[in-house]
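Survey of secondary and tertiary structure
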Amino acid sequence: MIEQDFIPKSLKNTLDKGSFTWSTPSNIALVKYWGKKEHQIPENPSISFTLDACRTTTTLSFSRKDFNEHFSFEVFLDGKQKDDFKLKIETFFKHIDIYLPFLKNYHFKIETSNTFPHSSGIASSASGMSALALCLMSVERSSNEAEMTDEYFNQKASFLARLGSGSASRSIEGDLIVWGKHDKITGSSDLYGIKYPLEVHQNFKNYHDTILLVDKGEKQVSSTVGHKLMHGHPFAQERFTQAHHNLSRLIDVFKVGDLKTFIEIIESEALTLHAMMMTSLPYFVLMKPNTLEIINKIWSFRKEAGLHVCFTLDAGANVHVLYPESEAEKVFEFIQNELVAYCQNGHYICDRIGFGAKQL
Ligand code: PMV
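Residues numbered from 1 in each chain as written. Predicted model: local features only at pLDDT ≥ 70, side-chain atom pairs only at ≥ 80, totals over all residues. Heavy atoms only, no water.

**Section: helix H8 (residues 328–339)**
Basically, it comes down to this: Three labels apply to residues, based on accessible area from a 1.4 Å probe with only protein chains included: buried if under 20% of the type maximum, exposed if over 50%, partly exposed otherwise in between. Each helix is a run of DSSP H or I of at least 4 residues and each strand a run of E of at least 2, with the numbering of both proceeding from the N terminus. This arc corresponds to the set of directions leading from the helix axis out to the C-beta atoms. In what follows, residue pairs with any heavy atoms lying within 4.5 Å of each other are defined as contacts.
Every buried residue belonging to H8 is among Ala328, Val331, Phe334, Ile335 and Leu339, and all of these are buried. Buried residues of H8, seen end-on, are gathered within an arc of 130° and therefore sit on one face of the element. Projecting away from the buried face of H8 at angles above 90 degrees are the exposed residues Glu329, Lys330 and Asn337. Looking at the buried side of H8, the elements it contacts are strand E10 (208–212), helix H7 (289–305) and strand E12 (319–323).

Written as structure tokens, this is what we have:
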């Protein structure tokens, strides 16, 4: 598929009003996306676990208006008007206008809510943008002349979500999603996420992710700024090559169920992401002292207990603790006894690998 394939050929455009609701999950990258080219094209491929509990639910209601040059919409978060979201959505609409030519024919009401607290430090852009993209795809599907396959529907939803927030392209389906072209993964694309098409060992089924909320404040540096700082970064090219290599290594890891190598790759990816932040100009640090306390505790526990618990990080201070289903009981006991003390107000979220968006 290329960009042109996402421009609709024939829309009936007969709907006067309606509404659609989608619930979409967040995701956690195992190989990280950090650095992009124009039009949200990633500098390297990434792969993520789709989550299950951390979700956004969005209802998009639409009513016909006279066509003019302007987008018309209002946004509500948890029932309250949220004008500070408008700029981001206006920019998103501008980027997707050519792919959804009906946008200026309607007034939209966007009502959204998250299962995780708004100020938890968990980015809502992946689940938020994918939920909106899916609602818009439902509008397109119902005004389309021709029957639309589910495959096209999901691909285009991911394509649109990507234009809102790169990582949102990985929040349409589950349970393992690849976004970005990789030589060894047939069908992978810089334009949209695909379900990981190769063999995955039982060890990776129902994987757990307990998210430790270390710092719930606003990030000091947004990911938009962070991605830009990879332009002219002294280690950028090496990093992009490394991401390709790590994804190649994961192919075998997933096939044979090699948890030891999985841990090595996943933790290295997390620390490399933060190393890129610390070595850009201007440099910045998103980890907090408790992030490091938790990492050290995980390392000691893993050595002592011989279990396969590991961590990954997003662009923030929170720690995602990853562990297989077979060790869940023992690891969760360790988390409660030794790690929760490092969370802000003792807050954490129990999540696990999930299977993607649902229409409600
Ligand atoms: O989707 P963005 O532009 O918010 O970037 C997300 C980048 C990371 O979360 C740090 C990594 C990733 O691949 O999700």
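Picking up where we left off.
**A short note on the site of the ligand**
The condition is simple: The near set for a molecule or strand comprises every residue that places at least one heavy atom within 4 Å of it. Contacts described as polar in this section are N or O atom pairs within 3.5 Å, which, within protein, must combine one atom able to donate a hydrogen with one able to accept it, while residues neighboring in sequence count only if both atoms come from side chains. Per-residue and other accessible areas were derived by the Shrake-Rupley procedure at a 1.4 Å probe size, with only the shown protein chains allowed to occlude residues.
Every one of the 13 residues lining the ligand counts as a neighbour, but Tyr33, Ser167, Arg170, Ser223 and Asp314 are closest to it. Asp314 has a polar side-chain atom sitting 2.8 Å from an oxygen atom of the ligand. Isolated, the ligand exposes 380 Å² of accessible area, and the fraction of that covered by the protein chains is 92%.

**Some words on the environment of Ser19**
Considering the arrangement of structural elements, one finds Ser19 in strand E1 (residues 17–31). Ignoring sequence-local partners within four residues, the contact set of Ser19 consists of Thr59, Leu60, Ser61 and Phe62.

**Description of the packing of helix H6 (residues 259–278) against H7**
Helix packing for two helices is described by the angle between their axes and how far apart those axes are. As a reminder, the rule being used: Axes here refer to lines fitted to C-alpha atoms; in helices the fit is confined to the stretch in contact. Angles between the N-to-C directions go from 0 to 180 degrees. Convention used here: angles under 35 degrees read as roughly parallel, angles over 145 as roughly antiparallel, angles from 65 to 115 as roughly perpendicular, and any remaining angle as oblique. We call a crossing left-handed when the near helix sits turned anticlockwise from the far one by less than a right angle, and right-handed when that turn is clockwise. Each residue gets one label: Ala, Val, Leu, Ile, Met, Phe, Trp, Tyr, Cys and Pro are nonpolar, Asp, Glu, Lys and Arg are charged, and the others, such as Gly, are polar.
Orientation of H6 relative to H7, taken along the N-to-C sense of each, is 165°, at an axis distance of 14 Å. On the basis of the axis angle, H6 is roughly antiparallel to H7. Viewed along their axes, H6 and H7 form a crossing whose handedness is left-handed. Contacts between H6 and H7 involve Ile263, Glu267 and Leu271 on the former and, on the latter, Ile295, Ile298, Trp299 and Arg302. Looking at the contact of H6 with H7 residue by residue, the class counts come to five nonpolar, no polar and two charged.

**Here's the deal with the environment of Ala146**
Tracing the chain through its elements places Ala146 in the loop between helix H2 (125–142) and helix H3 (150–164). Among the residues examined, Ala146 registers a relative accessible area of 46% and is labelled partly exposed.

**Some details on the pattern of salt bridges**
Keep this limit in mind: Salt bridge, as applied in this entry: a Lys or Arg side-chain nitrogen positioned within 4 Å of an Asp or Glu carboxyl oxygen.
Applying the stated rule across the entire model yields 11 salt bridges. Between Asp52 and Arg55 there is a salt bridge, and its shortest N-O distance comes to 3.6 Å. With its nearest N and O atoms 2.7 Å apart, the salt bridge here joins Glu267 to Arg302. In this pair, Glu267 sits in helix H6 while Arg302 sits in helix H7, placing the two residues 35 residues apart along the sequence. Relative accessible area serves as the criterion here: at 7%, Glu267 is assigned to the buried category.

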